[in-house]
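# Remarks on the overall topology
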Amino acid sequence: MNQRAISRACWVVMSVGLAACADDGDGAGAGGAGGGVGDVTYYQDVAPILNRSCAGCHQTGQIGGFSLDTYESAKASAGVLAANAESGVMPPFDAVETDECDPPGTWRDDPRLSDDEKETLRAWADAGAPEGDPNDATPAEPIPPPELDRVDLELTRDVPSTISGDVDLFHCVTLDPAFAEPTWVDGIHINVDNPLVAHHAITSIVKRADAPGADGEVTDCFGGTAGIMVHGWVPGGKPFDLPPGVGISIQPDEVLVVQMHYHPTGTSVEEDASSIQLRLAQTAPSWELFVQLRGNASNASEGLLPGPNDTAEPEFLVPANVEGHVEEMQYTVPEVGPEGLPLLFVGGHMHYVGRDFKVTLSGAEDECLLQIPEWDFNWQLFYQYDAPIEGLPRLRTGDTLRLRCTYDNSMGNPFLGKALDEQGLAAPVDVTLGEASLEEMCIVALGVLVPVP
Ligand code: HEC
């Protein structure tokens, strides 16, 4: 069952009128179910959950589209918000456990609600969204602001991007720290200027000679840039705050390229001049973070395994109108020393045809590192394991890394419909490797820690 499709349908209804969707919410308005229902009120029980887990994106000027930060606004969508919380669609988080993938440990900054919190929202909606007494409200827990504790350097662009119309824009911003010597960075944060339109940002470290522009310059770019992705930001995303003792080294001949994905409001002309903030390491780290990309992208198709629809050699081709087409890739971890290398985070990358992403590691043990069973191009981020360095999964010499990307190149895929529309196409076309929105990739990003000699 495609939960997102349901919620999207809901969203369409919501923009027309909340009530229709709220009435659809299963069980909404039934009342009386479960113990203590009558006791659940907005001010005592619901506001603390919504303020902590939802209001960051659901308030005026933020990407969530409608507010959930007052009693009136929460009441208006009580049924649908409970339904979205129960199904796990909200807050958005795509690295979920499945029957075939139980990733090691837990994720850092996992925003998902607990079962108790979901039950509280449901009980509140079922009881008719009682307000309670504002004078007796549960005190708000302080929410840590989404910023670095210290900013040593902020890199800004020359001119803002203008975002209007109804087609998503992809702008690459080249930002040159002009370091005179190799410099350790241990924190990165996108300082978002206009959260109404900034949908996600991918930061890469790129050789200056390969950068798409000069310092501060903005260029169009849908596909990847040269270089190595180090950070993915989505609305509500936390700063990239490396664990103590871990750093990223930026060389004098390297610059940062931030690819901003803008989603126009459809009704207004907006500007955005988001910048990037860096925290420099104060002592030399003992681990260097290297982001390794493996998989199939625009010009590389190594490791590809034989699959359906291949003619002779393994071929990366997602035929038009095929749902559930699978491409798989396999790699052997090279010699990495007797202790192996700790893996700090993992992320996936596909475009609009991609539907399911899975990566496993097998050796002495078999581990599923990550699955994103409902791939959403708009919510790409790196998933960080929440463990001390000794407790992180490790890549060991000779282990087998396996990627599985599943595509839906049929009109049943809502993302594809939108991408086709934007290209003025009425029906799916064969999809091959490439950078464009109607081409595909299957890439894993592995945040590998290497001891600093
Ligand atoms: C990280 C940002 C973010 C957070 C946190 C968040 N939302 Fe959303 N929400 C969105 C966006 C963006 C949409 C618009 C639809 C989409 O893109 O999926 C949305 C849509 C919705 C909708 C409309 C129906 C739908 O699913 O499309 C509801 C209801 C909702 N959110 C409830 C919640 C609740 C309840 C919480 C907290 C438990 C929450 N949201 C937390 C970003 C967020």
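Right above here is the structure, for reference.
So, a few notes on the structure that sits alongside this text. Source: prediction; values computed, not measured.

About the criteria used
Residues numbered from 1 in each chain as written. Predicted model: local features only at pLDDT ≥ 70, side-chain atom pairs only at ≥ 80, totals over all residues. Heavy atoms only, no water. Helix = DSSP H or I, 4+ residues; strand = E, 2+ residues; numbered from the N terminus. Contact = heavy atoms within 4.5 Å. Areas by Shrake-Rupley, 256 points an atom, 1.4 Å probe, with all protein chains shown as cover. Pairing = 2+ DSSP bridges. Axes fitted to C-alpha atoms, helices over the stretch in contact; angles between N-to-C directions. Buried < 20%, exposed > 50% of the residue type's maximum accessible area, 1.4 Å probe, protein only. Arc of directions from axis to C-beta. Phe/Tyr/Trp six-rings, centres within 6.5 Å; stacked < 30°, edge-to-face > 60°. Parallel < 35°, antiparallel > 145°, perpendicular 65-115°, else oblique. Left-handed = near helix turned anticlockwise from the far one by under 90°. Core = buried A, V, L, I, M, F, W, Y, C linked by side-chain atoms within 4.5 Å. Disulfide = S-S within 2.5 Å. Donors = N, O, S within 2.8 Å, 3.2 Å for Na, K, Ca; no water. Tetrahedral: all angles 85-135°; square planar, octahedral: opposite > 155°, others 65-115°. 1 Å grid on protein atoms, 1.4 Å probe; cavity = no way out; pocket = protein on both sides within 12 Å on 5 of 7 lines; lining within 4 Å. Points joined across faces, edges and corners; volume = space filled by probe spheres on them. Nonpolar A, V, L, I, M, F, W, Y, C, P; charged D, E, K, R; others polar. Domains from an automatic or database assignment.

Let us look at the overall build of the protein. Secondary structure summary: the protein contains seven helices and 21 strands in total. For the protein, restricting intrachain contacts to residue pairs at least 6 apart in sequence, the fraction spanning at least 24 positions comes to 82%. For the protein, the exposed surface amounts to about 20,100 Å²; the carbon and sulfur share of it is 51%.

If you trace the five strands from one edge of the open sheet to the other, you get 6-3-10-5-7, paired in antiparallel fashion. Edge positions in the open sheet fall to strand 6 (218-220) and strand 7 (228-233), since each of these has one partner strand only. Neighbouring strand axes in the sheet, compared pairwise and without regard to direction, differ in orientation by 25° on average. Of the pairings in the sheet, the one linking strand 5 (residues 198-207) to strand 7 comprises five bridges and is antiparallel in character. Each bridged residue has a counterpart across the sheet, and for A201 the counterpart in strand 7 is W233.

Right, let's talk about helix 7 (residues 414-422) for a bit. Listing the buried residues of helix 7 in full gives F415, L416, A419 and L420. Projected onto a plane normal to the axis of helix 7, the buried residues spread over an arc of 130° and lie on a single side. Just past helix 7, the residue G424 takes up positive phi, approximately 70°.

What follows concerns the environment of P264. By the secondary structure assignment, P264 is in the loop between strand 10 (254-262) and strand 11 (270-272). C-alpha separation for the pair P264 and V167, spaced 97 residues apart in sequence, amounts to 6.9 Å.

Next up on the list: the packing of aromatic side chains. Applying the stated criterion to the full structure yields 11 aromatic pairs. Taking the centre distance of 4.6 Å and the plane angle of 45° together, the rings of Y352 and F377 count as tilted. With Y352 in the loop between strand 15 (341-349) and strand 16 (354-362) and F377 in the loop between strand 17 (366-372) and strand 18 (383-384), this residue pair connects regions lying 25 residues apart in the sequence. Under the relative-accessibility criterion, F377 is labelled buried at 3%. Aromatic rings pair up to connect Y42, Y43, Y71 and W124 into one cluster.

For the pair helix 3 (residues 42-53) and helix 6 (residues 115-126), interaxial distance at closest approach is 10 Å and the crossing angle is 125°. Between helix 3 and helix 6, the crossing angle belongs to the class labelled oblique. Two packed elements cross with a definite hand, and for helix 3 against helix 6 that hand is left-handed. Note on element contacts: helix 6 touches helix 3 through E117, T120, L121 and W124, opposite Y42, D45, V46, I49, L50 and R52.

Another point: the nonpolar core. A general trend in soluble globular proteins is that nonpolar side chains are found buried together. Core analysis: the biggest nonpolar cluster contains 81 residues, and I276, L289, V359, L370, L401 and L446 have the highest contact counts within it. Per-element tally for this core: the top contributor is strand 21 (residues 442-451), with six residues. Contact partners of V359, with chain neighbours within four places excluded, come to V346, C368, L369, L370, L401, R402, L403 and V444. Counting 20 residues, the second-largest nonpolar core is a separate cluster that includes Y42, A78, L121 and A129.

Turning our eyes to something else, we now look at the state of the cysteines. Scanning the entire structure with this criterion turns up three disulfides. At a sulfur-sulfur separation of 2.0 Å, the disulfide partner of C101 is C368. Taking the sign of the torsion about the S-S bond as the criterion, the disulfide between C101 and C368, at about -95°, is left-handed. Note that C101 is positioned in the loop between helix 5 (78-87) and helix 6 and C368 in strand 17, a separation of 267 residues in sequence. Grouping residues by exposure puts C101 and C368 together as buried.

Sheet architecture is open: four strands sit in the order 14-20-16-17, paired in antiparallel fashion. Of all the strands in the sheet, just strand 14 (323-332) and strand 17 have a single pairing partner and so form its edges. Looking at each pair of strands side by side, their axes are set apart by 15° on average, direction ignored. With nine bridges connecting them, strand 14 and strand 20 (residues 400-408) associate as antiparallel partners. Across the sheet, the residue bridging to Y331 is L401, located in strand 20.

With that settled, consider the coordination of the iron atom of the ligand. Ligation of the iron atom of the ligand by protein atoms is provided by H58 (NE2) and M90 (SD), these donors lying 2.0 to 2.2 Å from the ion. Coordination geometry of the iron atom of the ligand: the six donor atoms subtend angles of 87 to 179° at the metal centre, consistent with an arrangement described as octahedral. With H58 in the loop between helix 3 and helix 4 (71-76) and M90 in the loop between helix 5 and helix 6, the pair connects residues that are 32 residues apart, well separated along the chain. Among the residues examined, M90 registers a relative accessible area of 32% and is labelled partly exposed.

Mapping L395 onto the fold places it in strand 19 (residues 394-395). The exposure class of L395 is buried, given its relative accessible area of 8%. For the pair L395 and L361, spaced 34 residues apart in the sequence, the C-alpha separation amounts to 7.9 Å.

Below, the discussion takes up empty space enclosed by the protein. For the structure on display, the rule yields one cavity of 30 Å³ or more. Estimates place the volume of the largest cavity at around 60 Å³. Residue lining of the largest cavity: I202, M229, G232, G348, H349, Q380, L381 and F382, and that is the complete set. Among the secondary structure elements, those contributing two or more residues to the lining of the largest cavity are strand 7 and strand 15. Here the lining of the largest cavity is built from residues that sort into four nonpolar, four polar and no charged. Lining the lining of the largest cavity are residues from two domains, each supplying at least three of them: domain 2 (144-284) and domain 3 (286-453).

Turning our eyes to something else, we now look at the pairing of strand 15. A large share of strand 15 lies buried, amounting to nine of its nine residues. In this structure, strand 15 lies alongside strand 19, joined through two bridges in antiparallel fashion. Considered in strand 19, the bridge of P342 is made with R394. Here six bridges tie strand 15 to strand 21, and the two strands are oriented antiparallel to one another. Counterpart to L343 in the pairing with strand 21 is V448. As defined by bridge partners, strand 15 adjoins strand 18 across two bridges and the pair is classed as antiparallel. By the bridge assignment for strand 18, F345 is matched with Q384.

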